Structures are given as C-alpha cells and as structure tokens.
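This is what each chain is made of:
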Amino acid sequence: MDTLIGLWDTFGRDWPYLATLIEILVKIVLIVAPIMLLVAYYTYAERKVIGYMQLRLGPNRVGPKGWLQPIADAVKLMFKEVILPTGANKFLFLLAPLITLAPALAAWAVFPFDEELVLADVNAGLLYILALTSVGVYGVIIAGWASNSKYALLGAMRSAAQIVAYEIAMGFALVGVLVAAGSLNLGDIVRAQAGGIFSWFWLPLLPLFVIYFISGVAETNRAPFDVAEGESEIVAGFHVEYSGMAFAVFFLGEYANMILISALAALMFMGGWLSPFHGWPILGPLFEWVPGIVWLFLKTAIFAFLYLWFRATFPRYRYDQIMRLGWKVFIPITIVWILVVGLAVVYELPWWFD
Amino acid sequence: MSFERIVFFAFAAILIYAATMVITRRNPVHAVLFLVLAFFASSGIWMLAEAEFLAIALVLVYVGAVMVLFLFVVMMLDIDLATIRAGFMRYLPIGLIVAVAMAALMIMVVGPTNFGLEQIAAPERLGADASNTEALAMTLFTVFLYPFEIAAVLLLVAIIAAIGLTLRQRPETKYQDTGKQVRVRKGPDRVRVVSMPAEKKLELK
C-alpha cells in the first residue's frame with residue numbers, strides 16, 4: 001500500500017513528471033519514425049544502385065519507378081509465417097532480432113542533428129554509442145545459438161570473432177577522435193572541427209577515418225566482410241532459420257546499423273552539421289542559409305552510398321585475411337596514429353590543434 | 001518513496017534474480033546470458049550513483065567484449081552433465097564450508113555495521129554539467145598514476161603469458177606467409193614464359 005501511495009505521489013500528483021515522460025516519448029517517436037522510413041528507402045536505394053551498377057533497372061514495377069517497393073516488401077514480410085525450428089529456444093530465438101535492432105535505434109538518443117537539436121546532450125556520448133553498438137553483436141550470436149542449426153551456429157561464430165576484432169580497431173579510431181577533440185560529448189566533437197572542409201578531422205586523422213569506416217563495414221557484417229551470412233558457403237549464416245517478421249526485424253537492424261555508422265562517420269570526421277564552406281570568402285556566405293541538418297544528411301548519404309558501392313564491387317574477403325587485417329594491420333596503425341595525435345595535441349601543432 | 005528509489009529497487013531485484021540464475025541454471029549458455037543481464041542491472045545502479053563512466057565502461061568492456069568471448073567458448077562446449085556432476089556429493093562438504101566462510105567474510109566487510117547512512121553520509125548531488133569521466137581521469141592520471149601503470153604492466157605480462165602458453169609450432173600444418181604473398185611481382189613470379197621448340201612444318205602432299 002505504501003508503495004502504491006508512493007507511486008501516486010511520484011507520478012499522479014506531480015504532473016510535471018508525466019508531462020516530461022510524454023514529451024520524451026514524442027521526441028523518441030520523432031527520431032525513430034524518420035529513421036525507420038529512411039531504412040525502408042535505403043533498401044530501395046540499395047537495389048536501385050546495385051541494379052544500375054550491374055546494368056539493370058532494379059525494382060520498377062510497384063508504384064511509379066518502383067517507389068512503393070519497400071512498402072510492398074514490408075507488407076509481404078508481415079503476413080508471412082514465422083517458423084520456429086524444432087528444438088529452438090523460443091524466447092531467445094524471438095529476442096535475438098530485437099537485440100540487433102534496439103541498440104541501433106537507442107544510439108540516436110545522444111546524436112546531435114544540429115547545434116541545438118539533440119535528445120540527450122550527454123557528457124559521455126561517445127562512450128554511450130560505443131557501448132551500445134558493442135551490444136548489437138549479441139543479436140547475431142543468440143540467433144545463431146537459439147536456432148539449433150549448424151549453419152546458423154557457424155555464422156554466429158564467424159560473426160563473434162570478426163566483430164570483437166574490429167570493435168577494438170573502431171574503438172581505437174574513436175580514441176583518436178576524442179583526443180583530438182578533447183571531449184566525449186558528440187556536440188563538442190563537432191564544435192572542435194569548426195571551420196570549412198579542411199579543418200574537419202578527416203584530414204589530420206586520415207588513417208583513423210579510413211579504419212573507422214572499414215571497421216564499421218565489418219561491424220555491420222556487410223560485403224566484403226559478410227562472412228557471417230556467406231550465402232555461398234553457409235546458406236544465410238545466423239539468420240537461416242528466420243522467416244517473416246522475425247527476419248524483417250534482422251533486416252531493419254542491419255540497415256539501421258549501417259545508417260548509424262554512416263551518420264557517426266559524418267559526425268566525427270566530416271564535421272557533422274557544419275557547412276563545408278564555413279568561413280570561406282564567397283562560398284561561405286552563399287551557403288549560409290542551408291540548415292545544418294541538410295549538410296549532416298548529405299554527408300551521411302555519401303557514406304551510406306559507399307556501403308552500396310562496396311557491395312556491388314568487392315568480392316568477399318577470405319576469413320583468415322579478415323582476421324589478419326583487423327588484428328595485424330588496423331590495430332597497430334591506430335595505436336601509432338593515437339600517439340601522433342597525442343603529440344600533436346600536447347605540442348599544439350599548427351593548422352588543427354593550435 | 002521517491003522515483004530514484006523505485007528505479008534502484010527495480011535494478012537491484014533484477015540483479016539479484018539474474019545473479020541467482022547464473023549459478024543455478026543447468027545450461028551454461030543461459031547462465032552466461034543471465035550474467036550479461038546482471039552486468040546491465042549493476043550498470044544501471046552505478047548510473048544512479050552518478051558514476052556514468054564506470055556504468056558505460058562496464059557495458060562496453062564486460063558485456064561488449066568479455067562476455068562475447070565467454071559465449072563464444074561456452075557455445076562450442078559439448079556439455080556432459082553427468083561428468084560435471086559426478087563429484088558433486090564428494091566435494092559438497094568442503095564446498096559448503098568455503099561458501100559459508102565467504103558469505104561470513106562478505107557480511108563482516110560490507111555488512112550494516114560498516115556501511116549505511118549513519119557511518120558514511122550520502123554524498124551531495126552533483127550538478128548536471130559535472131563530468132564523471134573528467135573527474136575520474138584527473139585522479140587516475142595524477143594521484144594514482146603509478147598504481148595505474150603497474151596494473152597496465154601486469155595486464156601486459158598476462159597477455160604475453162597467455163600468448164606464450166598457447167603458441168605452438170606445428171610443422172605438419174601449412175601456413176601462408178602474407179608478407180611473401182604481398183611481395184609477389186607481377187611479371188617474373190606469376191607468369192613463367194616457356195620457350196618451346198616449334199613444331200615441324202606441315203608438308204602438303
């Protein structure tokens with residue numbers, strides 16, 4: 001009874017709490033809904049882009065120029081049966097797709113879309129994002145184990161080893177960013193890059209930038225690092241047994257993760273919401289009117305396009321070569337460059353860190 | 001009852017439930033997943049105690065890396081419960097003694113006599129802009145620099161020891177030398193030009 005009265009005291013009598021709760025929920029919907037829409041049309045863009053690269057038209061039957069294709073796909077997947085394999089752990093089997101999707105959406109909470117536009121302006125925003133993206137791997141591993149299937153387990157094993165290896169390289173690349181920016185707050189990281197295109201971090205941190213994006217491709221299990229799926233070797237890897245909506249959630253999670261990695265690359269190395277002509281004599285004032293979120297979107301789109309381009313052009317990596325690239329090439333390079341950046345910051349090297 | 005208390009008790013209940021499940025579950029994969037849940041719950045409690053850096057680092061390091069490797073190993077084990085439980089009754093008495101001794105020690109150290117608001121006053125709430133990460137780094141890299149570096153060296157020794165223990169040369173296995181592969185030249189190493197004598201000219205009759 002005391003507890004109930006306490007609950008009433010907290011939520012019922014103090015209306016501000018409820019108002020805050022509703023406000024936060026509305027904000028979450030305002031962030032998540034466009035992202036889900038973006039994910040749907042990202043799949044359409046992928047099929048179109050790869051289609052044109054292979055001299056085909058891609059989807060062009062549903063709606064004008066095939067624009068309604070993602071909606072048709074979504075409806076189809078929703079009405080398909082979700083089959084539970086015999087001997088599968090039902091709870092974990094259905095939980096796994098959600099674990100893949102949830103971190104990819106939750107990470108947007110600390111993401112600054114603009115100078116002001118951010119849901120939670122957290123001090124340790126970069127750490128929060130690192131922690132959340134590292135949780136996503138559980139979806140793949142649990143799916144592989146709970147499916148009670150050999151191919152799924154093989155896919156999960158490959159994925160676990162790969163993601164752990166590339167997460168270290170990615171983490172080190174981000175350590176370089178935080179040393180250069182002197183802050184873990186994502187907004188402050190963008191503010192530290194203030195200026196035109198040549199004062200952003202992609203130039204002084206060029207090796208880290210390249211390693212970050214390649215590690216991001218490996219983390220999301222995308223071509224050429226898609227050995228976890230490896231359709232020519234292990235059928236479809238960790239999600240062989242999934243069908244219908246359970247599969248669709250995996251699919252959403254993968255694309256949401258890709259968009260997140262692209263957006264983070266834009267934020268941390270390409271100046272986020274900053275205009276590329278900021279502070280330039282003629283072009284600077286000419287593009288002053290463009291809102292920051294447009295620049296952010298354009299930069300994110302470039303990286304998102306790179307993902308599709310990679311998939312259309314590169315053959316799949318061999319597994320031992322993936323491991324060698326992660327452990328023996330990327331990690332040493334990042335460590336050396338962190339040292340270089342540290343020295344540059346301490347001795348206030350001109351151009352970027354003075 | 002304040003909102004904070006409700007959150008604390010919720011996390012504490014989840015933590016205790018998950019920790020109990022870790023040691024009672026038969027299936028080791030389930031046990032590992034419950035351990036992950038326990039880490040999340042304790043991370044939530046640390047977050048309440050305004051230790052954001054530690055809370056996030058717990059998820060990042062333990063959940064994101066260590067437990068993934070745990071799962072990796074446990075999933076590949078072929079578990080035979082009969083052999084595991086074979087010595088259970090034989091080791092039960094000594095196990096019980098150790099367990100009771102541990103519990104008694106823990107109660108003595110972290111029991112109500114040493115902790116609680118009477119012994120140590122609650123720290124004041126920090127402002128919204130207080131950076132836990134910065135405060136931690138400031139103490140860690142100034143006051144506790146030597147212990148920090150000694151710990152780092154110990155970890156390095158452990159890494160080298162682990163690699164040294166598992167590294168073995170197997171002459172029967174064929175390895176690829178990536179350095180050699182990279183150094184292959186386009187002309188002489190890949191293509192061999194063979195000069196063969198021309199065949200005899202065909203004579204038409």
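Details of the confidence of the model for chain A
- On average, residues of chain A score 84 in pLDDT, and 94% of them reach the 70 mark or higher.
- At the low end of the mean pLDDT range in chain A sits helix α1 (residues 2-13) of chain A, at 61; at the high end sits helix α9 (residues 206-219) of chain A, at 91.

Notes on the environment of A:L184
- Considering the arrangement of structural elements, one finds A:L184 in the loop between α7 (150-181) and α8 (186-191).
- Along the primary structure A:L184 and A:A124 are separated by 60 residues, whereas in three dimensions their C-alpha atoms are 5.0 Å apart.
- When near neighbours in sequence (up to four residues on either side) are disregarded, A:L184 contacts A:N123, A:A124, A:G125, A:L126, A:L127, A:L178 and B:T133.

Overview of the packing of aromatic side chains
- One pass over the full model with this rule turns up 25 aromatic pairs over all chains.
- Ring geometry for A:Y42 against A:Y255: centres 5.6 Å apart, planes inclined by 85 degrees, an arrangement best described as edge-to-face. Of this pair, A:Y42 sits in helix α2 (residues 15-53) while A:Y255 sits in helix α10 (residues 244-269), and the two are 213 residues apart along the sequence.
- Residue classification places A:Y255 among the buried positions, given a relative accessible area of 2%.
- Aromatic pair B:F8 and B:F9: ring centres 5.4 Å apart, planes at 70 degrees, arrangement edge-to-face.
- Looking at B:F9, the relative accessible area reads 46%, which means it is partly exposed.
- Connected via pairs of aromatic rings, a cluster forms that spans A:F209, A:Y212, A:F213, A:F269, A:F303, A:Y307, A:F310 and A:F314.

Examining the packing of helix α6 (residues 137-146) of chain A against α7(A)
All names here are of chain A.
- Relative orientation of the contacting elements α6 and α7 amounts to 155 degrees, with a least axis distance of 7 Å. The angle between the axes of α6 and α7 places the two elements in the roughly antiparallel class. Crossing of α6 against α7: the hand is left-handed. Each of V137, V140, I141, G144 and W145 in α6 lies in contact with α7, whose residues at this interface are A152, L153, A156, S159, A160 and I163.
- Tallied by class, residues from the contact of α6 with α7 come to nine nonpolar, two polar and no charged.

A look at the nonpolar core
Residue and element names in this part refer to chain A.
- The biggest cluster of nonpolar side chains holds 112 residues, and the ones touching the most others in it are W108, Y138, Y212, M268 and F269.
- Here this core gets 16 residues from one element, more than from any other, and that element is α10.
- Setting aside chain neighbours within four positions, we find W108 in contact with I31, I35, F113, I259, L260 and A263.

What counts, and where the lines are drawn
- Residues numbered from 1 in each chain as written.
- Chains lettered and ligands numbered in written order.
- Predicted model: local features only at pLDDT ≥ 70, side-chain atom pairs only at ≥ 80, totals over all residues.
- Heavy atoms only, no water.
- pLDDT = per-residue confidence, 0-100.
- Helix = DSSP H or I, 4+ residues; strand = E, 2+ residues; numbered from the N terminus.
- Contact = heavy atoms within 4.5 Å.
- Phe/Tyr/Trp six-rings, centres within 6.5 Å; stacked < 30°, edge-to-face > 60°.
- Buried < 20%, exposed > 50% of the residue type's maximum accessible area, 1.4 Å probe, protein only.
- Axes fitted to C-alpha atoms, helices over the stretch in contact; angles between N-to-C directions.
- Parallel < 35°, antiparallel > 145°, perpendicular 65-115°, else oblique.
- Left-handed = near helix turned anticlockwise from the far one by under 90°.
- Nonpolar A, V, L, I, M, F, W, Y, C, P; charged D, E, K, R; others polar.
- Core = buried A, V, L, I, M, F, W, Y, C linked by side-chain atoms within 4.5 Å.

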